[in-house]
Protein chains: 2
Amino acid sequence: MKVLHVNLDNSRDYPIYIGSGLLGQADLLARHIRSKQVAIVSNETIAPLYLAKVQAALPDHHVETVILPDGEQYKSLQYLEKIFDQLLTKKFSRNATLIALGGGVIGDMGGFAAACYQRGIAFIQIPTTLLAQVDSSVGGKTGVNHPLGKNMIGAFYQPQCVIADADVLDTLDDRQLSAGLAEVIKYGLIRDPEFLQWLEANMPKLLARDKEALAYAIERSCANKAEVVGEDEFESGVRATLNLGHTFGHAIETGSGYGHYLHGEAVAIGTCFAADLSRRLGWLNDADVARVIALFKTANLPITPPATMTTAQYVDLMAVDKKNVDGKIRVILLQALGKASLPVNVDLAQLQATLNTYAG
Amino acid sequence: MKVLHVNLDNSRDYPIYIGSGLLGQADLLARHIRSKQVAIVSNETIAPLYLAKVQAALPDHHVETVILPDGEQYKSLQYLEKIFDQLLTKKFSRNATLIALGGGVIGDMGGFAAACYQRGIAFIQIPTTLLAQVDSSVGGKTGVNHPLGKNMIGAFYQPQCVIADADVLDTLDDRQLSAGLAEVIKYGLIRDPEFLQWLEANMPKLLARDKEALAYAIERSCANKAEVVGEDEFESGVRATLNLGHTFGHAIETGSGYGHYLHGEAVAIGTCFAADLSRRLGWLNDADVARVIALFKTANLPITPPATMTTAQYVDLMAVDKKNVDGKIRVILLQALGKASLPVNVDLAQLQATLNTYAG
């Protein structure tokens, strides 16, 4: 087992445990739980697979479970309220602990519920997808979607610990595995050119679920993210670079209806947009863009946007992105492969040209 | 104008401006606003009285208004969502500023909306009731109610500034004025015996809305609260003493249906409960309890609980209070007049006796 520490201001920090067979280890959980009251939030896909194992590790606790339907379309205030309903019905107090057992949706909702319930209870993340292990479990971003924009309602809230067990990836379907690889590739693109090369060489191993390769990719991704978050917890600067491809990706997710694209798929398409816009600014050359596209293709990820979305729709949806200032659309681009830009204002004519390139 | 500073950890602090004619001062607002986008959240009672004045102080901004119905029964996730709807429809970004113009309900909801919108935007409080000026505008507690408990969903979120204009109390009805005095009296009871004596001597002036007396009461109340919050922002210790009378009070508010009692009225009744329980522990004598009851009576506040509520209902409702640990009911009591206890576990037999005293 590897232990990564995410260091934050204010002498707060938390460990990420990475390894195999971690789910059954009672002591890992127990050392981060504050009282007998424990709520496990999970979904209908994950609960049948792993809930019993986590419950078995908590024999002396009063454990309640909240099982939500599976999918991004349920990441809403309405389903968040179901968590509050159950915690209050069971009279859970402020020293209770909430465990989020699932992918990014469950992590984001469980974390936000923990942030808001009685103004904050303890929170433990057990991510069960590659995407959640390498991305949403690190950095304290929690929240739910709004019909007008993804993750528009939320909080910065840090967990007590994250338990990333590589074994749970055995039950992940191929499409979800690829979606997670989109975020893994992102770390290479924004700040780790050496890791980018490693990914180009080892993508077949990762797709074949080679445990050693996966563990390395998880660890290196989390380490990259932990460094960025440690420098800029509240996203006033460098943290925004983690949003490479996400402004476009969120627009695609919202515009095509939550649940149609997986988050990682939309990010892959969005990153191809970002690469093309970077080329138009003279930061990348044609070969660089081709390399980005080829890597996503090798990872079995989509690279072309939904045929149904218009340019006006993109502009409209991106206009509510959190990076925007006074109504101007801002995105993260690539100054080189392995080096992200800070948020730059989008030139609408160039954006139009990029959208035409991909939509055509 | 007086300026009180609330000092918090992490080098964050914010000013409370107290005085007359503050609402029209454009510079007071402008120095705390981050960008052109400003949303004013208010209610149907307050907006016709003061909205135009605040808008007039923001001539160069893009000002949107969200007007909610007036009352504790609208302090819910459903009405909170109406604020998000409007901010997103108008494409408000993360550097927008939200101004809460109203009483405690608007302040709590506006603050929570600001805390959650895009994971946090700037927030300014303009409290328009005595209760909000002396209590809910200081300390960063924001949130909404749940059918099973008051303020059960929320966040600690600090404003950029608070503007407490004594002039707005001119339009406050007598019942609301008295409700605010319940919280003013609380500061005397929990930590300021000299202020308690001042209140006993000056209650007639306060009820007659003597401006000088009111300004003094607001300032001394805010100073007391700011000291407590500065010592313990996240309520791990002494801050809980501000909850004197509130555990019972919240049960009364929830049990009788939100909107039936004003918060301050329920707190007055709850504080009489707390005084009686303190007498049963030998901390107060009969004369002390009589003094507490007399002061609330002079302030035209209720001191007896609703006839419809049963003891079982109190116990059930108090079982979800945020001070509880592992299911035990804990309340703040008085060790003396002017000195609160830390949370103490409630002896159910003594609670029953107190409830019988007042219900009978």
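Rules used in this analysis
- Residues numbered from 1 in each chain as written.
- Chains lettered and ligands numbered in written order.
- Predicted model: local features only at pLDDT ≥ 70, side-chain atom pairs only at ≥ 80, totals over all residues.
- Heavy atoms only, no water.
- Contact = heavy atoms within 4.5 Å.
- Buried area = accessible area lost by both parts, 1.4 Å probe.
- Salt bridge = Lys/Arg side-chain N within 4 Å of Asp/Glu carboxyl O.
- Helix = DSSP H or I, 4+ residues; strand = E, 2+ residues; numbered from the N terminus.
- Nonpolar A, V, L, I, M, F, W, Y, C, P; charged D, E, K, R; others polar.
- Axes fitted to C-alpha atoms, helices over the stretch in contact; angles between N-to-C directions.
- Parallel < 35°, antiparallel > 145°, perpendicular 65-115°, else oblique.
- Domains from an automatic or database assignment.
- Polar contact = N/O pair within 3.5 Å; in protein donor to acceptor, adjacent residues only side chain to side chain.
- Least-squares fit on C-alpha atoms with pLDDT ≥ 70 in both.
- Pairing = 2+ DSSP bridges.

Observations regarding the interface of chain B and chain A
Where interface size is given, it is often the accessible area lost as the parts come together that is meant.
Line of reasoning, step 1. Across the contact, 41 residues belong to chain B and 42 residues belong to chain A.
Line of reasoning, step 2. Together, the buried faces of chain B and chain A total about 3,800 Å²; carbon and sulfur atoms form 53% of this surface.
Line of reasoning, step 3. In terms of surface lost to chain A, no three residues of chain B exceed Leu88(B), Arg94(B) and Arg119(B), which account for 21% of the buried area on that side.
Line of reasoning, step 4. With a shortest N-O distance of 3.1 Å, Asp316(A) and Lys91(B) are connected by a salt bridge.
Line of reasoning, step 5. Of all the elements in the fold, those that place two or more residues in the side of chain B that touches chain A are α3 (77-89), α4 (104-116), β7 (141-146) and β8 (149-156) of chain B.
Line of reasoning, step 6. Here the side of chain B that touches chain A gets 7 residues from one element, more than from any other, and that element is α3(B).
Line of reasoning, step 7. Along the lines of polarity and charge, the residues of the side of chain B that touches chain A split into 15 nonpolar, 13 polar and 13 charged.

Some details on the packing of helix α10 (residues 263-280) of chain B against helix α11 (residues 286-298) of chain B
Residue and element names in this part refer to chain B.
Line of reasoning, step 1. Remark: α10 packs on α11, axes separated minimally by 9 Å, with the N-to-C direction vectors making an angle of 175°. Relative to α11, α10 is oriented roughly antiparallel. Between α10, through Ala-268, Thr-271, Cys-272, Ala-275 and Arg-279, and α11, the contact on the second element is made entirely by Asp-286, Val-289, Val-292, Ile-293 and Phe-296.

A look at the domain arrangement of chain A
Residues and elements named next belong to chain A.
Line of reasoning, step 1. What the domain assignment lists for chain A is domain 1 (2-171) and domain 2 (174-359).
Line of reasoning, step 2. Relative to domain 2, the C-alpha centre of domain 1 lies at a distance of 25 Å.
Line of reasoning, step 3. If you look at the interface, domain 1 gives 35 residues, while domain 2 gives 36 residues.
Line of reasoning, step 4. Interface area for domain 1 against domain 2, summed over the two sides, is near 3,100 Å², with a carbon-plus-sulfur share of 64%.
Line of reasoning, step 5. Broken down residue by residue, the surface that domain 1 buries against domain 2 is led by Leu-130, Val-134 and Lys-150, which jointly contribute 20%.
Line of reasoning, step 6. Put simply, domain 1 and domain 2 have 6 salt bridges between them.
Line of reasoning, step 7. In this structure, Lys-211 and Asp-167 form a salt bridge, with 3.5 Å as the shortest nitrogen-oxygen distance.
Line of reasoning, step 8. Here domain 1 and domain 2 share 7 residue pairs in polar contact (both at pLDDT 80 or more) between them.

Brief notes about the relation of the copies chain B and chain A
Line of reasoning, step 1. Note on the copies: chain B fits chain A at an RMSD of 0.0 Å, the axial shift is 0.0 Å, and the rotation between them is 180°. Such values leave the two copies arranged in the relation of a two-fold axis.
Line of reasoning, step 2. Interface residue correspondence from chain B to chain A reaches 100%, placing this contact among same-surface, isologous pairings.

A short note on the sheet that holds strand β4 (residues 62-68) of chain B
Residues and elements named next belong to chain B.
Line of reasoning, step 1. Spatial ordering of the open sheet is given by β1-β2-β9-β6-β5-β3-β4, a layout of 7 strands whose pairing is mixed. In this open sheet, the two strands that pair with only one neighbour each are β1 (2-7) and β4. The sheet shows a mean angle of 20° between the axes of neighbouring strands, taken without regard to direction.
Line of reasoning, step 2. Where strand β5 (residues 97-102) meets strand β6 (residues 122-127), 6 bridges bridge the pair, whose relative direction is parallel. Residue pairing across strands places Thr-97 opposite Ala-122, the latter belonging to β6.
Line of reasoning, step 3. Across the sheet, α4 is in contact with β3 (37-43), β4, β5 and β6; its angle to β5 comes to roughly 170°.
Line of reasoning, step 4. Lying on the sheet, helix α8 (residues 211-231) is in contact with β1 and β2 (13-19); it crosses β1 at an angle near 15°.

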